[in-house]
Amino acid sequence: MLANIRIVLVQTYHPGNIGASARAMKTMGLTELVLVNPRGFPDAEASRLAAGAEDVVDRARVVASLEEAVSDCVQVVGASARLRSLPLPHYDEPEAMTRELVANAGSDPVALVFGRERSGLTNDEIRLCSHQVSIPANPEYGILNLSQAVQVLAYETFKAWRLRPESEYRLPRPAEERQPTREQMAHFQEHLSRVMQVSGFLTQPHARTEAQLQALFARAQPSRKELSLLRGLLSSLEAAASDG
Ligand code: SAH
């Protein structure tokens, strides 16, 4: 079950942090590590700091974009020390996040995403997430080292998994409750934008309106079934707009 829970590190600068993150993961039963454009990998320092978790480092998948790392996931939680202005659903408490993460992971892949040592995640990268989480910390100095942030959230994930309700763990989610993948959500957003243009609602691409609607649908968390209902509605509006 923990095999559905992926740790994604975006453009890690220090290879040692990759090794230390792999170790943090393995101690908590997590094995799926995806690296988006790491500066140096493979690297001896990564293997050295991994200690007994070298297998996690060896199996790590390297990809060119965050999109590629998470498009098949149904929940993507960006870890961020600072609250951004983006109105994505935000978990103030890691426990609340990991309960949902573990429940979703019963049927589908999910991901925890960590940013660069210096600059964290970009706004575009956060837009690819479905949720954000912060680790509560000292308001005067609350930024953790990357691999320590991985350790805290990996621990919380393991705890939620140990305490998972039997019913959620044993039975996969019923089809009508399954969440859409990020790719399905992205296709829906593209469809919505197209319909807003052909209908004349937007006379030119308007990033802000699109971002607001994206945030609305992120908060609504439609199931796969509800999303396909919305797609059907868009298709019929699209057809009506092009007929008129
Ligand atoms: N200067 C960067 C911090 C990067 S720390 C910034 O301001 O965003 C590297 C990564 O560790 C972050 O991108 C985040 O994923 C994680 N991290 C560090 N402290 C965290 C905290 N308190 N809560 C959640 N994630 C944290």
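Residues numbered from 1 in each chain as written. Predicted model: local features only at pLDDT ≥ 70, side-chain atom pairs only at ≥ 80, totals over all residues. Heavy atoms only, no water.

Looking now at the overall build of the protein. Along the backbone of the protein there are eleven helices and seven strands. Relative to its length of 244 residues, the protein is compact, with a C-alpha radius of gyration of 19 Å against a globular reference of 18 Å. A principal-axis box enclosing the C-alpha atoms of the protein has dimensions of 65 × 40 × 35 Å. Relative to its 244 residues, the protein shows a buried fraction of 43%. In the structure as shown, the protein presents an accessible area of about 12,800 Å², 52% of it carried by carbon and sulfur atoms. Between the centroid of the 26 positive side chains of the protein and the centroid of its 29 negative side chains there is a distance of 2 Å. (Helix = DSSP H or I, 4+ residues; strand = E, 2+ residues; numbered from the N terminus. Rg over C-alpha atoms; globule rule 2.2 N^0.38 Å. Buried < 20%, exposed > 50% of the residue type's maximum accessible area, 1.4 Å probe, protein only. Areas by Shrake-Rupley, 256 points an atom, 1.4 Å probe, with all protein chains shown as cover. Lys, Arg positive; Asp, Glu negative; His and termini not counted. Charge placed at Lys NZ, Arg CZ, Asp CG, Glu CD.)

Moving on, we come to the packing of aromatic side chains. According to the stated counting rule, one finds two aromatic pairs in the structure shown. Where Phe158 meets Trp161, the ring centres are 6.0 Å apart and the plane angle is 25°; that geometry is what we call stacked. Here Phe158 and its partner Trp161 are both found in helix H7 (residues 146-162), three residues apart, which amounts to about one turn of the helix. Taking the relative accessible area as the measure of exposure, Trp161 reaches 22% and is therefore partly exposed. (Phe/Tyr/Trp six-rings, centres within 6.5 Å; stacked < 30°, edge-to-face > 60°.)

These figures come from the coordinates and say nothing about function on their own.
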